Amino acid sequence: MDQDILYHLALGSGSHDLHEMFGDVKFVCMGGTPKRMETFAHFIMEEIGYKLPAGTQLQDISAFSYRYSMYKVGPVLSISHGMGVPSVGILLHELIKLMYHAKVKDPIFVRIGTCGGIGVEGGTVVITEDAYDGLLRNSYELAILGKIVHRPAILDKRLVRELKSLATHDDPYETITGKTMCTYDFYEGQGRLDGAFCEFTETDKMAYLEKLRDFG
């Protein structure tokens, strides 16, 4: 291509100097909503002691995409990914290409957010060691050119250990490692009874949750 247009980030390899803008990135942190990731950007700025140049403020780099919000704090990108696997998938395509054009080596991608817990106390921090779909398959399924393709969903075990080692005994919450299930639907796909449609019972739901608990 003459240029690579990262349409949903409002960036392009021809219109922006992506190496100059993003070449120092080490961590790509993603979460659901624009406001949450703006808050995280301010939080991380204080945590790492990053100082903005005088007369400047944090800006949403992708504001004119009207789809995702992205903030850069030194080596950290804080980006909203919207809701659902398709939204995350579109973002990851363009973020991976962005890191390529910026000549970033081995960036660490982390998804941060809330999640329902099975068999753990509310407020527990769970570092995902294995990811599964709604059928408890350790893979990502998508249709490409009319065919179903499965790609392995493998997480970085060393990164999991490094993140777990950051927990301290005086944290006001417990930090554990565990399996995370991602579904395509918030309501029926996650066993909720309060959607517009529901063709299972409370008993069915609890049997399924017990199955998930036994699965880990």
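The structure presented is a predicted model; accordingly, all values stated were derived computationally and were not measured.

*Asks:* Teacher, can you tell me more about the packing of aromatic side chains here?
*Replies:* Describing an aromatic ring pair means giving the distance of the ring centres and the angle of the ring planes. Taken as a whole, this structure holds four aromatic pairs when the rule is applied. Geometrically, the ring pair formed by F40 and F43 is tilted, given 6.2 Å between the ring centres and 35° between the ring planes. Of this pair, F40 and F43 both sit in helix α2 (residues 34–47), separated by three residues, roughly a single helical turn. The exposure class assigned to F40 is buried, which follows from its relative accessible area of 16%.

*Asks:* In this structure, what is going on with the UniProt feature "binding site: substrate" (unreviewed entry) in the protein chain? I would like to understand it.
*Replies:* Following the UniProt record, one finds the feature "binding site: substrate" (unreviewed entry) at Q190 and R192. As for its placement among the helices and strands, Q190 is situated in the loop between β10 (175–181) and α5 (202–215). Here Q190 falls in the partly exposed class, since its relative accessible area comes to 35%. In this view, Q190 contacts T183 and D185; residues no more than four positions away in its chain are not counted. Within the secondary structure layout, R192 lies in the loop between β10 and α5. Residue R192 is classed as partly exposed on the basis of its relative accessible area, which comes to 27%. Excluding anything up to four places from it in sequence, R192 contacts F186, Y187, C198 and F200. From its side chain, R192 meets the backbone oxygen of F186 in a polar contact 2.6 Å long.

*Asks:* How should the nonpolar core be read in this particular structure?
*Replies:* Grouped burial of nonpolar side chains is what soluble globular proteins tend to show. Ranked by internal contacts, the top residues of the largest apolar core, which has 18 residues, are F22, L77 and L98. If sequence neighbours within four positions are ignored, F22 has contacts with L11, I61, M70, K72, L77, L98, A102 and V104. Grouped together as the second largest cluster of nonpolar side chains are 10 residues, C29, M37, F40 and M45 included.

*Asks:* Is there a simple way to think about the pattern of salt bridges in this case?
*Replies:* Note that side chains of opposite charge can pair when their charged atoms are close. Under the defined criterion, the tally for this structure stands at seven salt bridges. Residue D24 is joined to K72 by a salt bridge in which the shortest nitrogen-to-oxygen separation is 2.9 Å. Placement of the pair is D24 in the loop between α1 (18–22) and β3 (27–31) and K72 in strand β4 (residues 70–73), with a sequence separation of 48 residues. One salt bridge connects R137 with D133, and the closest N-O pair in it is separated by 2.8 Å. Judged by its relative accessible area of 26%, R137 falls in the partly exposed class. D133 gets classed as buried once you look at its relative accessible area, which sits at 9%.

Thresholds, definitions, all that
- Residues numbered from 1 in each chain as written.
- Predicted model: local features only at pLDDT ≥ 70, side-chain atom pairs only at ≥ 80, totals over all residues.
- Heavy atoms only, no water.
- Phe/Tyr/Trp six-rings, centres within 6.5 Å; stacked < 30°, edge-to-face > 60°.
- Helix = DSSP H or I, 4+ residues; strand = E, 2+ residues; numbered from the N terminus.
- Buried < 20%, exposed > 50% of the residue type's maximum accessible area, 1.4 Å probe, protein only.
- UniProt positions renumbered as here; feature names shortened; annotations may be inferred.
- Contact = heavy atoms within 4.5 Å.
- Polar contact = N/O pair within 3.5 Å; in protein donor to acceptor, adjacent residues only side chain to side chain.
- Core = buried A, V, L, I, M, F, W, Y, C linked by side-chain atoms within 4.5 Å.
- Salt bridge = Lys/Arg side-chain N within 4 Å of Asp/Glu carboxyl O.

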